Amino acid sequence: MDEDMLADQRRLVELIEDEGWDVTDLELSAYDSPWADEDDPEATVTITARKPYESKDDGDGDDESPYRLK
């Protein structure tokens, strides 16, 4: 795998983590493009990340969501 691709992958992870996200999974796929007439490889990056948000609870504890466990 090309060092430039790995450096780009690290940079993308840094950018996402700098925004407060926790990267939980990452997949980098390098391949020769079937659409280009060049010999240069291409890459796709799939990143899974999570970020908790504080809920804005109005304090009454009366949640009508049918999806919340009680």
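Each value, and the rule that gives it
Residues numbered from 1 in each chain as written. Predicted model: local features only at pLDDT ≥ 70, side-chain atom pairs only at ≥ 80, totals over all residues. Heavy atoms only, no water. Salt bridge = Lys/Arg side-chain N within 4 Å of Asp/Glu carboxyl O. Helix = DSSP H or I, 4+ residues; strand = E, 2+ residues; numbered from the N terminus. Buried < 20%, exposed > 50% of the residue type's maximum accessible area, 1.4 Å probe, protein only. Patch = residues over 30% accessible without salt bridge, like charges linked within 9 Å, V, L, I, M, F, W, Y side chains within 5 Å. Areas by Shrake-Rupley, 256 points an atom, 1.4 Å probe, with all protein chains shown as cover. Lys, Arg positive; Asp, Glu negative; His and termini not counted. Charge placed at Lys NZ, Arg CZ, Asp CG, Glu CD. Expected span 1.5 Å × (residues − 1). Arc of directions from axis to C-beta. Contact = heavy atoms within 4.5 Å. Polar contact = N/O pair within 3.5 Å; in protein donor to acceptor, adjacent residues only side chain to side chain.

J.: Explain the pattern of salt bridges here, please?
T.: Side chains that carry opposite charge are capable of pairing whenever their charged atoms lie near each other. Following the criterion strictly, the structure yields 2 salt bridges and no others. Glu-14 serves as the salt-bridge partner of Arg-11, at 3.8 Å between the closest nitrogen and oxygen. Placement of the pair is Arg-11 and Glu-14 together in helix H1 (residues 3-18), with a separation of 3 residues, close to one helical turn. You can call Glu-14 partly exposed: its relative accessible area is 40%. The partner of Arg-50 in a salt bridge is Asp-22, and the shortest N-O contact between them spans 3.9 Å.

J.: Looking at this structure, how should I read a nonpolar patch on the surface?
T.: Taken together, Leu-12, Leu-15 and Val-45 make up a surface patch of nonpolar side chains, about 210 Å² in accessible area. In this structure, Leu-12 sits in helix H1.

J.: Any chance you could explain a negative patch on the surface here in plain terms?
T.: On the surface, a cluster of negative charge is contributed by Asp-2, Glu-3, Asp-4 and Asp-8. Turning to its location among the elements, Asp-2 is positioned in the segment before H1.

J.: I tried to follow H1 on my own but got confused; where do I start?
T.: Because the α-helix completes a turn every 3.6 residues, residues three or four places apart line up on one side. In a regular helix each residue adds 1.5 Å, so 16 residues correspond to 22 Å; H1 covers 22 Å between its end C-alpha atoms and thus fits that length. Among the residues of H1, those classed as buried are Met-5, Gln-9 and Val-13. The arc that holds the buried residues of H1, viewed along the axis, is 75°, so those residues lie on one side. Pointing more than 90 degrees away from the buried face of H1 are the exposed residues Glu-3, Asp-4, Asp-8 and Asp-18. On the buried face of H1, the contacting elements are strand E1 (22-32) and strand E2 (41-50). Between a side-chain oxygen at the N-terminus of H1 and the backbone nitrogen of Asp-4 the separation is 2.6 Å; the capping residue is Asp-2. Among the residues trailing H1, Gly-20 stands out with phi positive, at a value near 95°.

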